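# Chains, contacts and geometry: an overview
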Amino acid sequence: MSKKGYTKRADGRFQTSVTINGKRKFLYANSSDELDKKLTELKYKNINGFVSSFENITFKQYAEKWFEINISTKELATQASVKNRLRHLYNYIGNVKLKDLKRYHIQEISTNMVKEGYTDITNRTIAECKRILEDAVNNDVISKNVANGIKSIKFPKNERQPLTLQEDKKVTELAKHHKYGLFILILRYCGIRPEEAVALTLDDIDFNNNLLIINKAVSLAKNQPNVKPTKNLKNRKIPIPNFLIDSLKYEVNYRHKNQIAYLFTKETDKYSMLTKQALKTHLNSFLNELNKNIENDKEKVCFSYYRLRHSYCTMLYYAGIKIKKAQELMGHSSAKMVYDIYAHLDEERENANELINDYISNKILTSF
């Protein structure tokens, strides 16, 4: 017990209680002085009729207020991602009062989502729940975050596979004369994100040094593109392979003559940037052409735009580009993702059985 009669909890915070309108309310703070201020403020608000009771607030009601304060000003893609996780939480605990939430409620969310086939989003959803409940604790709506201590589930990683050499050749040959081919080739051989390619203007192409200047991207959260900074807020310069220069110059000259600002635009409107739907349509059109004479599904070539980017990173590895430079070219804020790809390729390349036997044969057995 502190000098002021407050209780000091095991977590280091100070606690007291006060009765407001016949109901007992607990207050928490990091110091006794801070608790004094909270107590005085609460009594003042009560005298003036300003007290708002959180007694019956549900998780959904609180989460919606939390979203409005903390998330609603962020990028549309971020908002959409958080809303998706909140929908999962609402399915299970949306109508449960915050004060009635128990640890098992949160554990059930995790268990049921896994049973329904969700993987990584399960951990992200639980993490979102922890953030909301921690906010409620900090605002004295509840005294304890019941989600704390619930560990993330380890899921097996789905290794992204680059295009095989045979697939690469087929894709490249078709792309050379397909109407959407230049977009495919830029992603494959410059490694940029599709939302960065959509934002490319003619001014972003430096033919003197054969470089792409990546200084912006677009958000496609609501189909229509909105220009935004790059993902890691850094600009970068990407080498343009020699075999792409002539095609790129032809396209740039055509667009200069027609006063079209962007390198890639909608087929129905040459002056408008590609939309999210247009990107899907272009990729499907290319894949249909690529596989039109193949009946066996196992023999068909299928890829996403991000698989092309993964193939670019793999190409950097085999070209001997060091990890730090590869990170810069890929536009990653850290080297971890590139390191993981490089490490995986190292493992594939290294035949441990052969190396061990060579060592034994050449270094040990030769001495006998």
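To be clear, the structure that these remarks concern was listed above.
Residues numbered from 1 in each chain as written. Predicted model: local features only at pLDDT ≥ 70, side-chain atom pairs only at ≥ 80, totals over all residues. Heavy atoms only, no water.

## So, the overall build of the chain
When you go through the chain residue by residue, the secondary structure sums to 14 helices and 8 strands. Along the first, second and third principal axes, the C-alpha atoms of the chain reach 80 × 80 × 45 Å. Within the chain, the proportion of its 368 residues that are buried is 42%. A separation of at least 24 residues holds for 57% of the contacts in the chain among residues at least 6 apart in sequence. In the form shown here, the chain has an accessible surface area of approximately 22,500 Å², with 49% of it arising from carbon and sulfur atoms. Positive and negative charge centroids in the chain, built from 62 and 42 side chains respectively, lie 6 Å apart. (Helix = DSSP H or I, 4+ residues; strand = E, 2+ residues; numbered from the N terminus. Buried < 20%, exposed > 50% of the residue type's maximum accessible area, 1.4 Å probe, protein only. Contact = heavy atoms within 4.5 Å. Areas by Shrake-Rupley, 256 points an atom, 1.4 Å probe, with all protein chains shown as cover. Lys, Arg positive; Asp, Glu negative; His and termini not counted. Charge placed at Lys NZ, Arg CZ, Asp CG, Glu CD.)

## Examining the pattern of salt bridges
A full pass over the atoms with the stated rule returns 17 salt bridges. For K176, the salt bridge is made with E173, and the minimal N-O distance between the two is 3.2 Å. Notably, a salt bridge pairs K336 with D340, separated by 2.9 Å at the nearest N-O pair. Remark: D340 and K336 occur in helix α13 (residues 336–349); sequence separation between them is 4 residues, near one turn of the helix. Ionic contacts of the salt-bridge type, sharing partners, join the residues R9, D11 and R13 into one network. (Salt bridge = Lys/Arg side-chain N within 4 Å of Asp/Glu carboxyl O.)

## Observations regarding the nonpolar core
In terms of nonpolar packing, the biggest core is built from 55 residues, with I186, I192, L212, F264 and F303 touching the most fellow members. A total of 8 residues in this core trace back to one element, the largest contributor, which is helix α7 (residues 181–190). The residues touching F303, leaving out its near neighbours within four places in the chain, are L163, V171, I184, L283, F286, L287, L290 and L308. One finds I71, C129, I132 and I150 within the second-largest nonpolar core, a separate group that totals 30 residues. (Core = buried A, V, L, I, M, F, W, Y, C linked by side-chain atoms within 4.5 Å.)

## Here we look at the environment of I93
Following the sequence through the fold, I93 ends up in helix α3 (residues 76–93). The sequence separation of I93 and A10 amounts to 83 residues, and the corresponding C-alpha distance is 28 Å. In this view, I93 contacts F59, L101, H105, I106, I109 and C129; residues no more than four positions away in its chain are not counted.

## Some points on the packing of aromatic side chains
In this structure the tally under the stated criterion is 6 aromatic pairs. Taking 5.5 Å as the distance between ring centres and 75° as the angle between the ring planes, the aromatic pair formed by F183 and Y305 counts as edge-to-face. Within this pair, whereas F183 is found in helix α7, its partner Y305 is found in helix α11 (residues 305–318), the two being separated by 122 residues in sequence. Y305 matches F183 in its accessibility class, with the two residues each being buried. With a centroid separation of 5.0 Å and an interplanar angle of 80°, the aromatic rings of Y317 and Y318 are classed as edge-to-face. Taken together through their ring pairs, the aromatic side chains of F183, F264 and Y305 make up a single cluster. Here the basic side chain of R188 rests over the ring of Y189, its NZ or CZ set 4.4 Å away from the ring centre. (Phe/Tyr/Trp six-rings, centres within 6.5 Å; stacked < 30°, edge-to-face > 60°. Lys NZ or Arg CZ within 6 Å of the ring centre and 35° of its normal.)

## Examining the sheet that holds strand β8 (residues 236–239)
If you walk across this open sheet you meet the 3 strands as β4-β5-β8, and the pairing is antiparallel. In this open sheet, the two strands that pair with only one neighbour each are β4 (205–206) and β8. With 2 bridges connecting them, β4 and strand β5 (residues 211–214) associate as antiparallel partners. Note that in β5 the partner of I205 across the bridge is L212. (Pairing = 2+ DSSP bridges.)

## Looking at the packing of α11 against helix α12 (residues 323–330)
For the pair α11 and α12, interaxial distance at closest approach is 10 Å and the crossing angle is 155°. The angle between α11 and α12 places the two elements in the roughly antiparallel class. The chirality of how α11 crosses α12 is right-handed. Contacts between α11 and α12 involve R309, Y312, C313 and L316 from the first element and A326, L329 and M330 from the second. A class-by-class count of the residues in the contact of α11 with α12 yields 6 nonpolar, no polar and 1 charged. (Axes fitted to C-alpha atoms, helices over the stretch in contact; angles between N-to-C directions. Parallel < 35°, antiparallel > 145°, perpendicular 65-115°, else oblique. Left-handed = near helix turned anticlockwise from the far one by under 90°. Nonpolar A, V, L, I, M, F, W, Y, C, P; charged D, E, K, R; others polar.)

## Side note on the environment of S72
Positionally, S72 belongs in the loop between α2 (59–70) and α3. Overall, the relative accessible area of 24% leaves S72 in the partly exposed class. A C-alpha to C-alpha distance of 10.0 Å links S72 and V82, two positions 10 residues apart in sequence. Among residues more than four places away in sequence, those in contact with S72 are F67 and Q79. Polar contacts involving the side chain of S72 include one to the main-chain carbonyl oxygen of E68, which spans 2.5 Å. (Polar contact = N/O pair within 3.5 Å; in protein donor to acceptor, adjacent residues only side chain to side chain.)

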